Amino acid sequence: MRVSKFPLSTLKETPADAEIISHQLMLRAGLVRRLASGLYTWLPLGIRVLRKVENIVRDEMEKVDALELLMPGVQPAELWQESGRWDEYGPELLRFNDRHQREFCLGPTHEEIITDLARRELSSYKQLPVTWYQIQAKFRDEIRPRFGVMRSREFIMKDAYSFHIDQASLQKTYDLMHQAYTNIFTRFGLDFRPVIADSGSIGGSGSHEFHVLADSGEDAIAFSSHSSYAANIEKASALPPQDERAAATEEKTIIETPGKHSIEEVSEFLSVKTSQCLKTLLVDGAEENSVVALVLRGDHELNEIKAGQLEQVASPLNFASEEQVRAVTGCAPGSVGPDLEITVIADHNAAHTANFVCGANEDGKHFSGVNWGRDIAEPVTADLRNVTEGDNSPDGKGTLSIVRGIEVGHIFQLGDKYSDKLQANVLDENGSKKTMTMGCYGIGVTRVVAAAIEQNNDENGIIWPQNIAPFDVALAPINMQKSERLKDAAEKLYKELSDAGLEVLMFDQKERLGSMLANIELIGIPHRLVLGERGLDDAKIEYKGRCDKEKQDISLDNIVELLLSKKI
RNA sequence: CGGGGCGUAGCGCAGUUUGGUAGCGCACCACACUGGGGGUGUGGUGGUCACAGGUUCAAAUCCUGUCGUCCCGACCA
């Protein structure tokens, strides 16, 4: 490709509304343009990257015998009503009527459609297992789209669905997919990690997320120092302390703590560690109009997913209002303690704390030297908190570290949730009807592009991993328009490189070197060649890899070979 | 949904407080010079100042409303 035929749309300045680095660079490098909130146009340069990502995905899907198909983006309401999700799915589902006033939605996912297909096309266990996939635009009407294509409303997803006669078959395909995903993200050249995920309301026995590691990631993931254990922090369980609780040695004392509300304020005021203070959070209970108290150590964070799953607690978790707090405790938030008439559930670590500080349920007052069993009834205990750096790994091997990640893939054992609702049956070998078991497997294709940039960039721009770069090599002749000899040499080299199967972007227009180099680095082409009159005299060309510190002169005769060896 | 910010040329911004000829930098076009890291000069193109209504002799500027867009948001107990 030549710049004269493939104009770059790079920007020198960063658009003001782009917050994170990948969004800024995608705009600056001319990969995407915003149309409206959460809607992006992919420019020619961006599409080249997107296609590379898609093709690697396709290749690995074929290897595990998944079959590509394409389903409509517009879906009839009937199927969603049949699965029950027409009512369950909130405003994220964009609904509309056609000219005959029939109801439709824009597909945020395709379980209903694929299950409908399966029940029509599959009738015998002999046709199973089968896996279908598509790469297609999805629409989710996000409350707050942000970070460019990282969380957009319309996005491209690879979604695959498998159908099985039993759980054993599903497990087999699931494991194959797990491996395929590992291969895919490895081929992308990204630093990633498969983690145990919360399977949410869908249930089912297995779910893994694939995260690209990046500080700006929206998810926190915990992984073990000495085993392969890794889990989304929503899911990572905190082990109860193994040793005995310390003895009650202090007297329960009431202390004036005027104006001190937060754990930080109280611990500082009393010169006590935050881990020695307990905080009491009031949330809606499972029973109507009831309130439940959750107790945590001051230095621990509530895990809302875990808490919401407790049978005594309303799901999803909802904090009590200030009025409710006052009605139950007689004081304002800030002085609440666990000595209450309502159900009290303490985190394992909070229940393990002796001689602690807590609210006195009286404005401006706290207790110190409080002990479970002696001063307050022993609480019900549960795992309520997020794991923290240094916690013991739940599998007993090593300790946990916490890093941030961008969720780019998710695989799921669905079981019969949809096949049961939609009556997707086949006959088994005994001739009796059996509901198929399903799995589903997604990759956020557009998000992968953003995540790749988020993980690979420097002050000059994007650094594409080789396999998803829009071009393999940039060729920058200096003042080509001034020298026939240079022009001929550049054209010849361009042809040689192209014939060798390399994707070359040649800067064939009148442009100053500095400007060309700045663009080449901004758009992140992995290999760069600069050809000038001086080099030509010695039959040499200057080569520099995008990450190399130094440039080097290479003999023109060897350059094709060198690049091929680097491409692998 | 709540809170906050911002809407002036393709991009980045000033001008709004105190109403009076719509500006700057980049980009773009032309020409010249320049020629190994976003170069210089001269001359240009491009704006119903988000939209609607109001106040006024006069509105980017004041008032009312609408829309768009970005960020933040339940550890407080």
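Heads up: these notes are all about the structure in this document. All values derive from a computational prediction rather than experimental measurement. Numbers given to residues run from 1 along each chain, matching the order in which its sequence is written. Here chains are named by letter from A upward and ligands by number from 1 upward, in the order in which they appear as written. Per-residue local features are limited, in this predicted model, to residues with pLDDT of at least 70; the limit for side-chain atom pairs, both in listing and counting, is 80 or more; totals at the level of whole chains, interfaces and linings are taken over all residues. Hydrogens and waters are ignored; side-chain quantities use all the structure's heavy atoms.

A look at the side chain of His110
Convention followed: Each helix is a run of DSSP H or I of at least 4 residues and each strand a run of E of at least 2, with the numbering of both proceeding from the N terminus. The classification of residues rests on relative accessible area computed with a 1.4 Å probe and restricted to protein chains. Under 20% of the type maximum is buried, over 50% is exposed, and intermediate values are partly exposed. Throughout this description, a polar contact denotes any pair of N or O atoms lying within 3.5 Å of each other; where both atoms belong to protein, one of them has to be capable of donating a hydrogen while the other can accept it, and for residues adjacent in sequence the pair is counted only when both atoms sit in side chains. We call two residues contacting when some pair of their heavy atoms lies within 4.5 Å.
Within the secondary structure layout, His110 lies in the loop between strand E6 (103-106) and helix H5 (111-121). Since its relative accessible area comes to 0%, His110 is described here as buried. Within the structure, His110 has its side chain in polar contact with the side chain of Gln136 (distance 3.4 Å). If near-sequence neighbours (up to four positions away) are discounted, His110 is found in contact with Met71, Pro72, Gly73, Gln75, Gln134, Gln136, Lys138, Asp159 and Tyr161.

Describing the protein's contact with RNA strand B
Threshold: Only a single heavy atom is needed: when it lies within 4 Å of a molecule or strand, its residue is near that molecule or strand.
Every one of the 51 residues lining RNA strand B counts as a neighbour, but His261, Ser262, Lys279, Leu302 and Glu542 are closest to it. The sugar-phosphate backbone supplies 43% of the atoms of RNA strand B found within 4 Å of the protein. One of the side-chain N or O atoms of Lys12 is found 2.7 Å from a sugar or linking oxygen in RNA strand B. At 3.1 Å from a sugar or linking oxygen of RNA strand B is found a main-chain nitrogen or oxygen belonging to Thr280. Residue assignment for the surface near RNA strand B shows that the elements contributing at least two residues are strand E1 (32-36), helix H7 (263-270), strand E14 (278-284), helix H14 (513-522) and strand E28 (527-531). Among the elements that take part in the surface near RNA strand B, H14 stands out by supplying eight residues, more than any other.

Overview of the sheet that holds strand E18 (residues 365-370)
Stated precisely, the cut-off is as follows: For two strands to be treated as a pair, DSSP must find no fewer than two bridges joining them. Working convention: axes come from line fits to C-alpha atoms, limited for helices to the stretch in contact. Angles between N-to-C directions cover 0 to 180 degrees.
Strand order in the open sheet formed by three strands is E13-E18-E17, with antiparallel pairing between adjacent strands. Each end of this open sheet is capped by a strand with a single partner; those strands are strand E13 (253-256) and strand E17 (356-359). Sheet twist, expressed as the mean angle between neighbouring strand axes with direction ignored, is 30 degrees. With four bridges connecting them, E13 and E18 associate as antiparallel partners.

Some words on the nonpolar core
The cut-off we apply is this: We define the nonpolar core as a collection of buried residues of types Ala, Val, Leu, Ile, Met, Phe, Trp, Tyr and Cys that are connected through side-chain atoms lying within 4.5 Å of one another.
Residues Met26, Leu31, Met61, Tyr181, Phe185, Phe188 and Trp464 are the most contacted members of the largest nonpolar core, which totals 68 residues. Looking at this core, the element that brings in the most residues is helix H6 (residues 167-188), giving eight residues.

Examining the pairing of strand E23 (residues 437-444)
The side chains of a regular strand alternate between the sheet's two faces. Most of E23 is tucked away, with eight of its eight residues classed as buried. Of the two faces of E23, both are covered, the one formed by Thr437, Gly439, Tyr441 and Ile443 as well as the one formed by Met438, Cys440, Gly442 and Gly444. Where strand E8 (residues 154-164) lies against E23, eight bridges are found, and the strand directions are antiparallel. Counterpart to Met157 in the pairing with E23 is Gly444. Here six bridges tie strand E20 (residues 400-415) to E23, and the two strands are oriented antiparallel to one another. Across the sheet, residue Gly415 finds its bridge partner in E23, namely Met438.

Considerations on the pairing of E20
Bridge count for strand E10 (residues 207-213) against E20 is seven bridges, and the pairing is antiparallel. Within E20, the position partnered with His208 by the bridge is Ile411.

Re the pattern of salt bridges
For clarity, the threshold we go by: Every case where a carboxyl oxygen of Asp or Glu lies within 4 Å of a side-chain nitrogen of Lys or Arg is listed as a salt bridge.
Evaluation of the coordinates by the stated rule reveals 38 salt bridges. Measuring nitrogen to oxygen at the nearest pair gives 3.0 Å for the salt bridge that ties Asp499 to Lys495. In this pair, Asp499 and Lys495 are both assigned in helix H13 (residues 484-499), four residues apart and thus about one turn of the helix distant. Within the structure, one salt-bridge network assembled from shared partners comprises Arg51, Glu54, Arg58 and Glu68.

As for the packing of helix H2 (residues 44-63) against H6
Basically, it comes down to this: Roughly parallel covers angles under 35 degrees, roughly antiparallel covers those over 145, roughly perpendicular covers 65 to 115, and oblique covers all other angles. Here is the rule for handedness: rotate from the far helix to the near one, and if that takes an anticlockwise turn smaller than a right angle the crossing is left-handed, while a clockwise turn gives right-handed. For this classification, Asp, Glu, Lys and Arg are treated as charged, while Ala, Val, Leu, Ile, Met, Phe, Trp, Tyr, Cys and Pro are nonpolar and the rest, including Gly, are polar.
One way to put it is that H2 packs onto H6 with a least axis distance of 10 Å and a crossing angle of 150 degrees. Regarding the angle of H2 to H6, the classification is roughly antiparallel. Here the hand of the crossing between H2 and H6 comes out right-handed. Residues Val53, Ile56, Val57, Asp59, Glu60, Met61 and Lys63 of H2 pack against Met177, Ala180, Tyr181, Asn183, Ile184, Arg187 and Phe188 of H6. Of the residues contributing to the contact of H2 with H6, the split by class is nine nonpolar, one polar and four charged.

Here we look at the sheet that holds strand E5 (residues 95-97)
By definition, the strands of a sheet pair up through backbone hydrogen bonds, in either a parallel or an antiparallel sense. The strand order across the open sheet formed by three strands is E4-E6-E5, and the pairing between neighbours is antiparallel. Every interior strand has two partners, whereas the edge strands, strand E4 (74-76) and E5, have only one. Taken over all neighbouring pairs, the strand axes of this sheet differ in orientation by 40 degrees on average, direction set aside. Of the strand pairs in this sheet, E5 and E6 are connected by three bridges, and their pairing is antiparallel. Bridge pairing links Arg95 to Cys105 in E6.

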